[in-house]
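# Summary of structural features
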Amino acid sequence: MPSLESNLSVLGQEVPLGKVDKALKELWGADEARDKASLMNFAIYCENPESLVNNTQLLADITKEHACRGLLILNQPNGETPPKTRAWVTAHCQLLDGRKSVCSEQVSFLLEGGTGNQVRNTVFAHLDSDLPLVFWWQGDLTVNFDERLYSVIDLLFVDSSSWSDPKGDFGKLLNAHCQDAARFHVYDLSWLRSHYFRTALASCFNDPLALAELHKLNRIQITHGPGHRVAALLLAAWVGVRLKATVKGSTLVLPEGQVIKIDVKEGKDTEPLQAVELASDTASFGVDRACGSSYVCASVNMPDHSHEQILPADLPTDAALIANLLSRLGRKSLYVQMVPMLQELLAADA
Amino acid sequence: MSDIENPFQETLISRHRAEPCTVVIFGATGDLTHRKLIPALYNLAAGGDLPPQFKVVGFARRDKTDEGFRTEMEESNKKNSRQGHDDTLWASFGQCIHYHRSEFQDLDGYKGLKKLLDEFDKERGAPANRLFYLASAPEFFDQIMLMLRESGLNEGPGGKWARVVCEKPFGKDLKSARHLNEVVAETFDEKDTYRIDHYLGKETAQNIMVMRFANHIFEPLWNNRFIEQVQITCAENLGMEGGRGGYYDTAGALRDMVQNHLFQLLSLVAMEPPTSLSADAVRDEKVKVIRSLRKWKGVEEVSKNVIRAQYTAGSVDGAERVGYRQEDRVNPQSMTESYVALRLFVDTWRWQGVPFYMRVGKQLPKKATEISVHFKQPPQVPFATADQGGSRNVLVFRIQPDEGISLRMMSKLPGVQLLMQPVKMDFRYSTSFGKASPEAYERLLLDAMAGDATLFARRDEVENAWAFIDEIEQAWHAEGAQPPMCEYPAGSWGPKEADQLLQEDGRVWRRL
């Protein structure tokens with residue numbers, strides 16, 4: 001396994017913390033063929049030193065579609081040694097029309113020692129002014145996810161599939177979200193991974209004959225990839241919330257008393273979500289994704305009528321998921337409405 | 001039953017949702033279908049934006065099978081699709097493409113089409129909406145409308161809608177436009193009639209309203225107190241390649257470009273804020289602009305305010321070009337203009353006294369469509385400088401290519417002296433947003449399927465625009481003395497008379 005020090009080389013040129021701005025200015029002044037573009041501050045926070053290389057690549061991928069100032073923060077708190085911060089600058093450039101480079105800058109920080117509370121100051125001091133702050137918090141929500149930090153975040157990304165204690169972290173997230181100081185919109189990659197699955201499932205119910213079957217549904221079966229049970233449960237919660245159901249054990253109970261049994265199982269493939277089927281005794285509505293395919297097949301099977309449709313599948317990488325979400329900002333997210341039901345499903349799932 | 005809403009659909013709120021439908025394209029073997037319509041539908045499919053159980057039927061006179069038509073469309077899609085071509089997706093999308101052979105005036109052909117659409121509905125298990133796209137030559141519009149009416153296809157089955165999309169040109173003068181509107185109105189309600197102007201599907205054109213009404217800094221300045229002039233340029237560096245001369249020589253720059261595309265851009269720049277973003281609220285304001293245009297009547301007024309010209313031999317991009325009258329399929333004695341420049345006034349409170357200059361032409365040095373808003377010279381004190389055009393603020397909307405917006409402003413030159421120089425702030429879509437914009441036809445087809453007519457021209461817009469254009473055409477073709485047909489060498493920025501049009505007002509065309 002490569003050491004942290006050897007991974008640091010991907011971060012570009014190391015500069016003294018107090019001279020980050022000067023280094024950035026020199027970076028842009030060095031080559032007139034480059035255009036700097038920035039529509040937002042995009043920060044990635046992590047505490048896992050092995051993620052440095054991957055996160056630099058993620059920022060490079062995101063900047064292909066969304067010009068930003070990238071901030072990569074690796075926090076290694078250790079109360080036994082005094083805090084120390086190192087900084088690097090680099091740029092991610094894309095060729096435009098084969099001639100000019102359009103570049104986004106990346107500033108990386110390694111925060112070692114101390115209690116880790118220097119995160120706030122490090123972020124605050126290096127934001128591109130007047131631009132929104134998009135913050136991707138990787139891993140568990142630790143004590144460093146505090147009000148002073150999240151009060152400056154406009155858009156927060158988390159990935160609940162990486163949480164060691166989903167019930168606890170969902171609680172922290174909801175608690176933060178309802179604070180007066182919090183003004184962030186939150187997006188969970190586990191939720192984004194089901195975006196096109198949900199769209200495809202919704203398309204199955206576009207005609208009146210299919211809608212009439214809604215009140216006869218009695219089971220939902222979801223197949224997910226290893227490590228993505230939360231994404232599957234979020235999908236089940238979405239079905240429940242949309243049908244105004246309540247959770248009772250591992251079932252959804254609709255207002256009319258109709259019971260839908262939830263069956264969530266792990267599949268053999270690697271895709272986070274592989275299949276979902278809503279069924280009654282006489283009809284089924286399903287979305288299937290073949291391994292490796294960029295499309296899903298949405299199918300409707302009713303006694304006198306059946307059809308299939310090919311629709312886009314959810315995007316394969318975290319960077320693509322985030323880039324796609326940033327392209328459709330302004331859309332009201334249903335995610336926060338799902339979390340309370342998800343917590344009930346997690347409790348029943350335990 | 002149909003009143004029950006799909007409870008799962010709420011996640012799709014930000015995008016226009018096309019309603020289940022079959023699209024019928026008249027003139028399906030033509031260039032537009034190959035290069036634009038099928039690739040646009042394919043790209044909508046790739047984005048998951050097509051409705052379930054979607055079908056498209058090509059209607060044309062040539063003998064073809066479904067399979068043969070699909071193969072042709074697949075080849076075209078490989079060449080023209082914005083997002084490339086995916087065999088897996090095409091395998092599914094291609095199956096929704098069908099072909100129906102018929103003459104445009106053959107009622108039995110339409111009855112056959114109706115039967116085919118009814119069969120699709122039977123397969124679906126429910127009737128679907130119908131969108132008829134007129135991509136045929138305009139001389140067939142009458143026949144197609146009549147046959148749609150005679151066959152009953154103008155009414156959707158089982159309470160579903162039937163809509164029609166009309167490609168340009170929508171008439172060649174006010175009389176023919178009114179006639180077409182009458183014919184269409186006998187067949188479809190105005191709310192189901194979508195007159196396409198693909199300029200309105202372009203990202204920057206849509207952004208004009210956003211820039212004006214979503215940014216507080218512009219609208220207070222958007223009037224004759226602060227704006228000195230507006231220029232709209234639509235330059236093309238092509239001539240009559242690909243046999244275009246045949247059509248173009250019957251139309252000319254004024255009818256082909258000004259009546260539709262440029263007037264739409266003018267409307268977006270000059271309109272008052274709409275009360276809402278509904279189709280009619282926006283179009284109400286746009287049509288007021290066209291109605292407020294000061295009409296140029298008679299040879300004298302037209303000569304003074306409108307310059308027409310034809311290109312002579314020259315060179316563009318290093319290649320030799322023949323003159324307009326020597327072009328393929330162009331009448332050697334043609335009096336059709338390949339270039340027109342206009343001085344316009346919008347006689348409203350907001351724009352009183354502000355000239356809107358327009359120019360559009362073929363064989364100009366480069367391809368560019370831009371709108372520039374020129375602000376007045378600021379008070380001279382404390383920076384007493386000569387009145388140089390370069391010192392004024394200019395806001396530019398680049399419609400194509402290199403879509404974006406720039407703002408020119410004054411800045412102090414570094415140094416001990418107080419010297420000023422104009423600098424440019426530039427926003428480019430391609431730099432700021434890595435994601436490619438959808439093609440105009442994708443947006444417009446989706447809107448037509450979703451029932452949003454905001455980006456389509458309404459009957460009164462079209463007729464008012466023709467009423468303005470007709471006055472000029474009448475002066476150009478009047479008995480006796482006519483305004484001159486000026487000349488410009490291919491590869492230049494137009495005739496010197498067009499420069500003089502602005503020089504009379506102490507202005508120059510903006511350098512592109």
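You can see B:Arg124 is positioned in helix α4 (residues 107-124). By relative accessible area, B:Arg124 is classed as buried at 6%. Of note is the side chain of B:Arg124, whose polar atom sits 2.8 Å from the side chain of B:Thr22. If we skip the residues at most four places from it in the chain, B:Arg124 touches A:His305, B:Cys21, B:Thr22, B:Gln53, B:Phe54 and B:Lys55.

Secondary-structure assignment places B:Ser136 in the loop between β4 (129-134) and α5 (141-150). In contact with B:Ser136, not counting residues within four places along its chain, are B:Phe26, B:Gly27, B:Phe104, B:Phe141 and B:Ile144.

A word on the packing of helix α7 (residues 203-214) of chain B against helix α9 (residues 253-270) of chain B. Residues and elements named next belong to chain B. Across the interface, α7 lies against α9 with an axial gap of 9 Å and an inter-helix angle of 10 degrees. When the axis of α7 is compared with that of α9, the two are roughly parallel. Seen from α7, the contacting residues are Ala205, Ile208, Met209 and Arg212; seen from α9, they are Leu265, Leu268, Val269 and Ala270. Split into classes, the residues belonging to the contact of α7 with α9 amount to seven nonpolar, no polar and one charged.

Residue and element names in this part refer to chain B. Counting buried residues along strand β2 (residues 55-60), six of its six residues qualify, which places the element largely inside the surrounding structure. Running through helix α1 (residues 31-46), the crossover from strand β1 (residues 21-26) to the neighbouring parallel element β2 is right-handed. Summarising the sheet, β2 and strand β3 (residues 97-101) pair through five bridges and their orientation is parallel. From the neighbouring strand, Phe59 faces β3, where its bridge partner is His100.

All names here are of chain B. Ordered in space as β16-β15-β14-β13-β7-β12-β11-β8-β17, the nine strands form an open sheet in which the pairing is mixed. Single-partner strands in this sheet number two, and they are β16 (420-428) and β17 (485-489). The sheet shows a mean angle of 20 degrees between the axes of neighbouring strands, taken without regard to direction. Along the sheet, helix α11 (residues 298-305) contacts β8 (306-312) and β11 (339-345); its crossing angle with β8, the most-contacted strand, is approximately 65 degrees. Along the sheet, helix α15 (residues 496-503) contacts β7 (227-235), β8, β11, β12 (355-361) and β17; its crossing angle with β11, the most-contacted strand, is approximately 15 degrees.

Rules used throughout
- Residues numbered from 1 in each chain as written.
- Chains lettered and ligands numbered in written order.
- Predicted model: local features only at pLDDT ≥ 70, side-chain atom pairs only at ≥ 80, totals over all residues.
- Heavy atoms only, no water.
- Helix = DSSP H or I, 4+ residues; strand = E, 2+ residues; numbered from the N terminus.
- Buried < 20%, exposed > 50% of the residue type's maximum accessible area, 1.4 Å probe, protein only.
- Polar contact = N/O pair within 3.5 Å; in protein donor to acceptor, adjacent residues only side chain to side chain.
- Contact = heavy atoms within 4.5 Å.
- Axes fitted to C-alpha atoms, helices over the stretch in contact; angles between N-to-C directions.
- Parallel < 35°, antiparallel > 145°, perpendicular 65-115°, else oblique.
- Nonpolar A, V, L, I, M, F, W, Y, C, P; charged D, E, K, R; others polar.
- Right-handed = clockwise from strand over helix to strand, strands pointing away.
- Pairing = 2+ DSSP bridges.

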